[in-house]
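# Structural overview
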Amino acid sequence: LRRKTPGKKIDYQMIAVNIDSALIVQACDIDFNLRRLERYLVMVNEGHIEPILLLTKSDLVSPELLEKRISEVRQANIRCKVLPLSNVTGFGVDQVRQLLEPGKTYCMVGSSGVGKTTLLNHIIGRDLFETNTVRASDGKGRHTTTGRQLIVLEQGAMLIDTPGMRELGNIGASSGLEESFADIWRLSKDCRFANCTHTQEAGCALLKAIEDGSLREDRYQSYLKLMKESEYNELSYVEKRKKDRAFGQFIKTAKKQINKNKQ
């Protein structure tokens, strides 16, 4: 499981390895964000990891709004398992505990303040790790978990808690995009041109689907944005590696020349 290094530097940052399932934790109140969820799905699918969506803070929304959130996820063609829960009332926590199978490794990812560490404490059965409150104005959280930590649970499952991610970029995530946007990927096979950019070409299946209403405009825009970002970062990363290799070769040659001069 990896992402682009935060900031301007183009490189990979490893998050965890040997993961069976990723628990993507997102609040279903005012902080709910489908576009952010799509980014997490691309990252998880790129690592060939099973995604499971946990919708926290269900106690802060009405049953109708909770159903609407789940419906929005399904309308975005996101087919992973979805479990709503509340760290306050305990609703859904047992379901999460039951899906953690012995011998498997799970990794929790999500923004700060969505309740990852609080959920971990509930699963363990005691307040082992520090938690913090969120701002009432916007529901945003403050970083409490500052490092990744792996916990072996009583039932034999392993669970990794990670710090909240404020920046989530992707590099060369073609397979993750194909899996996360499978509906769009299938549609693109019907484009008239194999190298269609899906922006202005005649015979573009995606543009046609937007016109007839079978593809949502916001999902299409999200796909294009993530695809362009991933391709740009990949090109930058390849260029960086070329420069690193060239510089390494320069140092190697210079050392040889210095040793030759000494002799």
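Structure first, text after, so check above.
Residues numbered from 1 in each chain as written. Predicted model: local features only at pLDDT ≥ 70, side-chain atom pairs only at ≥ 80, totals over all residues. Heavy atoms only, no water.

Attention shifts here to the overall build of the chain. Within the chain one finds eight helices and eight strands. Across its three principal directions, the C-alpha atoms of the chain cover 75 × 55 × 40 Å. When burial is assessed residue by residue, the chain has 46% of its 263 residues classed as buried. Taking all contacts inside the chain whose residues are at least 6 apart in sequence as the whole, residues at least 24 apart take part in 67%. Measuring between centres, the 41 positive side-chain charges of the chain sit 10 Å from its 33 negative side-chain charges. (Helix = DSSP H or I, 4+ residues; strand = E, 2+ residues; numbered from the N terminus. Buried < 20%, exposed > 50% of the residue type's maximum accessible area, 1.4 Å probe, protein only. Contact = heavy atoms within 4.5 Å. Lys, Arg positive; Asp, Glu negative; His and termini not counted. Charge placed at Lys NZ, Arg CZ, Asp CG, Glu CD.)

Our focus in this paragraph is the side chain of Ser180. Checked against the element boundaries, Ser180 lands in helix H5 (residues 174–180). Of note is the side chain of Ser180, whose polar atom sits 2.8 Å from the side chain of Asn45. A polar contact of 2.8 Å, which involves the side chain of Ser180, links it to the backbone oxygen of Gly176. The contacts of Ser180, once residues within four sequence positions are left out, are Leu41, Val42, Asn45 and Arg219. (Polar contact = N/O pair within 3.5 Å; in protein donor to acceptor, adjacent residues only side chain to side chain.)

Glancing now at unusual backbone geometry. Notably, Lys57 is not glycine yet its phi reads approximately 60 degrees, a positive angle. Along the chain, Lys57 falls in the loop between strand S4 (50–56) and helix H2 (63–75). A relative accessible area of 15% means that Lys57 is categorised as buried. You will see that Asn77, though not glycine, has its phi angle at about 60 degrees, which is positive. Here Asn77 is to be found in the loop between H2 and strand S5 (81–84).

It is worth spelling out the sheet that holds strand S8 (residues 158–161) at this point. Here we have six strands laid out as an open sheet, ordered S5-S4-S3-S6-S8-S7, and mixed in their pairing. Among the strands making up the open sheet, the edge pair consists of S5 and strand S7 (149–152). Between one strand axis and the next, the sheet turns by 25 degrees as a mean value, whatever way the strands run. Relative to S8, strand S6 (residues 105–110) runs parallel, the two sharing four bridges. Across the sheet, residue Thr105 finds its bridge partner in S8, namely Met158. (Pairing = 2+ DSSP bridges. Axes fitted to C-alpha atoms, helices over the stretch in contact; angles between N-to-C directions.)

Moving on: H2. Here H2 spans 18 Å end to end across 13 residues, near enough to the 18 Å set by a 1.5 Å rise per residue. If you check which residues of H2 are buried, you get Leu66, Arg69, Ile70 and Val73. Buried residues along H2 cover an arc of 90 degrees about the axis, so they all sit on one side. Facing away from the buried side of H2, by more than 90 degrees, are the exposed residues Glu64 and Glu67. Packed against the buried residues of H2 are helix H1 (34–46), S4 and S5. (Expected span 1.5 Å × (residues − 1). Arc of directions from axis to C-beta.)

Moving on, we get to the packing of aromatic side chains. Overall, the coordinates contain one aromatic pair when judged by the stated rule. In this structure, Arg2 packs its charged tip against the face of Tyr12, placed 3.6 Å from the ring centre. (Phe/Tyr/Trp six-rings, centres within 6.5 Å; stacked < 30°, edge-to-face > 60°. Lys NZ or Arg CZ within 6 Å of the ring centre and 35° of its normal.)

Counting buried residues in S4 gives six out of seven residues, a clear majority hidden from the surface. Where strand S3 (residues 21–27) meets S4, seven bridges bridge the pair, whose relative direction is parallel. Bridge pairing in S4 places Leu23 opposite Ile52. For the segment spanning S3, H1 and S4, crossover handedness is right-handed. Pairing of S4 with S5, which is carried by four bridges, proceeds in the parallel orientation. Following the sheet pairing, Leu53 is matched in S5 by Val82. (Right-handed = clockwise from strand over helix to strand, strands pointing away.)

With seven of seven residues buried, S3 lies mostly within the body of the structure. Relative to S6, S3 runs parallel, the two sharing five bridges. Among the inter-strand pairings, Ala22 is bridged to a residue of S6, identified as Cys107.

Our focus in this paragraph is the pattern of salt bridges. Side chains that differ in sign of charge can pair as their charged atoms come close. Throughout the structure, instances matching the rule amount to eleven salt bridges. A salt bridge links Asp218 to Arg35; the shortest N-O distance between them is 3.5 Å. Remark: Arg35 occurs in helix H1 and Asp218 occurs in helix H8 (residues 217–262); sequence separation between them is 183 residues. Note on Asp218: relative accessible area 29%, which makes it partly exposed. (Salt bridge = Lys/Arg side-chain N within 4 Å of Asp/Glu carboxyl O.)

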